[in-house]
Amino acid sequence: MFLSFSLLSTLFTMLSYRYIIQEKKDSVLHNAQYISEFAGAYLEQGNVRDGFFKLYVASLAQISEAHVILCETDGRVVYATDGTPKPYRYVRSVPDTLLRHVSERGAYTGMTNLEGLYPESRFLAAVPIKAQAGGAEITRGLVLVSAGAGGVSQLWRAMSNIFFFTAVAVLFISVVASSVSAARQTRPLNEIAEAARRFGHGDFSVRIRGYERRRDEVGALAEAFNSMAGSLEKTESQRNEFIANVSHELKTPMTTIAGFADGILDGTIPAERERESLQVIASETRRLSRLVRKMLDLSRLRAMEEKTLAQERFDISEVMLRVLVSLEGNISAAGLDVQTDIPEQPVMVWGDPDGVTQVCYNLLDNAAKFAAAGSDITIKIATRDAKAYISVRNLGQTIPPEELPLLFDRFHKADHSRSRDRDGVGLGLYIVKTILGNMKETVTVTSEDGVTEFTFTLTLA
């Protein structure tokens, strides 16, 4: 701001001074031309030496605060006045250089002291007096009008003083306003910086308060920061929950394996029950292997979330039937029947065939696992509004409404009795949601009167 005002003051000084000087020169020239025209008209009817003419010219000089000189073409002064009643006999003749300048160029304007005739330089305008004589226009003399430069300097100093004090006042107000504005901007930034430092030490509960009503960039930054803090806190909570769940899931089979192995080694378990104990150890080992494999699949899916999955055209009906054949043994062992409502024509969709195969496998395996013995599993594929809707329905226990949103969470099981689902690790449905989410598709679940139905979408090709 200081540099701007300095530049502005310099430009103002130069331009205003030039403007005032030019205005004064134009004013003096205008007065000289007016007196020249009046003198020319007067000479056609009378003599410029009479009292009326002198009085009129003196009045003009007094009004304009100027000196007026009338001279012959040879430079001899006929009449001179500064507007006062007393005779003005200061000037006797006009310098030849000025006469030649007017003769060659028709007029003269500038700053001069008439080669010492004035004690100081003055604004001077000289124009010829034209008059009619014998039908022709001839030059009868010259009119010189001069004005002092002191008034111009005083006017310029007055304007400069006004500008200076105005600039100082504006600069002061600007400094105060910018200081207040800077404080208003930096205070929340300092608070956000302090909150970020607390984040670095693991405190995710801190929030930026008091800027909810601000509609500027700082308010938007505070809102975004609080949103980020909420996400980080949620992520930290999920991480802790994930670690706790993983620890629990790993600890259970490992404890079982260690217990039976120690029982066999120290003889606590009788010899006739060793085979049964080894079967339990093998089962828990396979369960532990499945858990690790599921976690690896989960890590792979999480790593792919930032990547764009390859989109291919494939027949979802063929994929579903192929998965159904692979699970035929499990479905038959549970005494279940399968009902299908699949179009005869291929249903071509866009997506990742391997990922969709995993989705279909997890949903069918989940339906077979929790279906009531002797009931049916229903598979349905329908199309509408450029989407394919694939449904897997089974008959079993009704899932409470409050449990439905939690089914797709990691390590969550709808039945809280872990012993009923010895093979599950609570990651199947979470993987389903993750795969479909990567393809920008959705999956929903309903459960009423013992009928549970999972439905996911794919875009028709």
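Residues numbered from 1 in each chain as written. Predicted model: local features only at pLDDT ≥ 70, side-chain atom pairs only at ≥ 80, totals over all residues. Heavy atoms only, no water.

### Some thoughts on the sheet that holds strand β1 (residues 67–71)
In step 1: Taking strand neighbours across the sheet as the criterion, the five strands line up as β2-β1-β5-β4-β3 in an open arrangement whose pairing is antiparallel. Only two strands of the sheet have a single neighbouring strand rather than two, namely β2 (77–81) and β3 (108–112). Put simply, the sheet's adjacent strands are angled 20° from each other on average, direction ignored.
In step 2: The pairing of β1 with β2 spans four bridges and is antiparallel. (Pairing = 2+ DSSP bridges. Helix = DSSP H or I, 4+ residues; strand = E, 2+ residues; numbered from the N terminus. Axes fitted to C-alpha atoms, helices over the stretch in contact; angles between N-to-C directions.)

### Details of the packing of helix α1 (residues 2–43) against helix α2 (residues 51–64)
In step 1: Running from N to C, α1 and α2 cross one another at 170°; their axes reach a closest spacing of 12 Å. On the basis of their axis angle, the class for α1 and α2 is roughly antiparallel. Listed contacts from α2 to Asn31, Tyr34, Ile35, Phe38, Ala39 and Tyr42 of α1 are Phe52, Phe53, Tyr56, Leu60 and Ser64.
In step 2: Of the residues contributing to the contact of α1 with α2, the split by class is nine nonpolar, two polar and no charged. (Parallel < 35°, antiparallel > 145°, perpendicular 65-115°, else oblique. Contact = heavy atoms within 4.5 Å. Nonpolar A, V, L, I, M, F, W, Y, C, P; charged D, E, K, R; others polar.)

### Concerning the packing of aromatic side chains
In step 1: Considering all chains together, one arrives at 10 aromatic pairs under this definition.
In step 2: Pairing Phe38 with Phe53 gives two aromatic rings, centres 5.6 Å apart and planes at 0°, and the pair type is stacked. Placement of Phe38 in helix α1 and of Phe53 in helix α2 is noted, with a sequence separation of 15 residues between them.
In step 3: Look at Phe53 and you get buried, because its relative accessible area is 0%.
In step 4: Seen in terms of ring centroids, Phe408 and Phe454 are 6.2 Å apart; in terms of plane orientation they differ by 85°. Their pairing is edge-to-face. Residue Phe408 is found in the loop between β10 (387–395) and α10 (428–438), and its partner Phe454 is found in strand β12 (residues 451–460); the two are separated by 46 residues along the sequence. (Phe/Tyr/Trp six-rings, centres within 6.5 Å; stacked < 30°, edge-to-face > 60°. Buried < 20%, exposed > 50% of the residue type's maximum accessible area, 1.4 Å probe, protein only.)

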